[in-house]
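# Structure assessment
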Amino acid sequence: PPSSGITGTCAQNAPAPAEGAQAWMTVPEPGRRSDNTLCVRLVVNGQPVAGARVEAKVNYRSTIATLDTATTGADGVAQLTFNIGGASSGYTVRVDVTVTVNGQTYTTNTSFTPRY
């Protein structure tokens, strides 16, 4: 697989590159009402994919929030920063991700668990 080549916010907690879509949170255990960043990478045929559209839904205990869309850069990575609000402490919040490029759709997910 390609080297991660990730700089900035998404370098935090980035997994090793793998084929397909990957998602991770920069802060797996955020505090109440804090910002957190969802990072998404797309690798196809061993190469990072630029220009892919990223959409995400955050599945809180009592509601589902749709994040703004993002587009992957030359490194195949997109980031979406959002405030977790009053998410329930100790409840694992699943984040479902859809990545679309050239008519092909990839799905993945990640999660975070607020601790306070």
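Residues numbered from 1 in each chain as written. Predicted model: local features only at pLDDT ≥ 70, side-chain atom pairs only at ≥ 80, totals over all residues. Heavy atoms only, no water.

## A short note on the side chain of threonine 37
Note that threonine 37 resides in strand 2 (residues 35-44). Engagement of the side chain of threonine 37 in a polar contact is seen with the side chain of threonine 81, the distance being 2.8 Å. Ignoring any residue separated from it by four or fewer positions in sequence, one finds threonine 37 in contact with Thr9, Cys10, Trp24, Met25, Thr26, Gln79, Leu80 and Thr81. (Helix = DSSP H or I, 4+ residues; strand = E, 2+ residues; numbered from the N terminus. Polar contact = N/O pair within 3.5 Å; in protein donor to acceptor, adjacent residues only side chain to side chain. Contact = heavy atoms within 4.5 Å.)

## Remarks on unusual backbone geometry
Positive phi values are uncommon outside glycine, yet asparagine 13 reaches one of about 70°. Assignment of secondary structure puts asparagine 13 in the segment before strand 1 (20-25). Classification of asparagine 13 as partly exposed rests on a relative accessible area of 43%. Backbone geometry at asparagine 102 places phi at a positive 50°, although glycine is not the residue there. Within the secondary structure layout, asparagine 102 lies in the loop between strand 8 (93-101) and strand 9 (104-112). (Buried < 20%, exposed > 50% of the residue type's maximum accessible area, 1.4 Å probe, protein only.)

## Comments concerning the nonpolar core
Counting residues in hydrophobic clusters, the biggest one holds 26 residues, and the most contacted among them are Leu38, Phe82, Val97, Val99 and Phe112. Contributing elements (two or more residues each) for this core: strand 1, strand 2, strand 4 (53-59), strand 7 (77-83), strand 8 and strand 9. With five residues, the single largest contributor to this core is strand 8. In contact with phenylalanine 82, not counting residues within four places along its chain, are Met25, Ser34, Asp35, Asn36, Leu38, Val58, Tyr60, Leu67 and Phe112. Counting five residues, the second largest nonpolar core, distinct from the first, contains Ile6, Cys10, Cys39 and Val77. (Core = buried A, V, L, I, M, F, W, Y, C linked by side-chain atoms within 4.5 Å.)

## Some points on the state of the cysteines
Under the criterion given, the structure shown has one disulfide. With a sulfur-sulfur separation of 2.0 Å, cysteine 10 is cross-linked through a disulfide to cysteine 39. With the S-S bond torsion at -90°, the cross-link from cysteine 10 to cysteine 39 turns out left-handed. Note that cysteine 10 is positioned in the segment before strand 1 and cysteine 39 in strand 2, a separation of 29 residues in sequence. Take cysteine 10: its relative accessible area is 2%, and that puts it in the buried class. (Disulfide = S-S within 2.5 Å.)

By themselves these figures say nothing about function.
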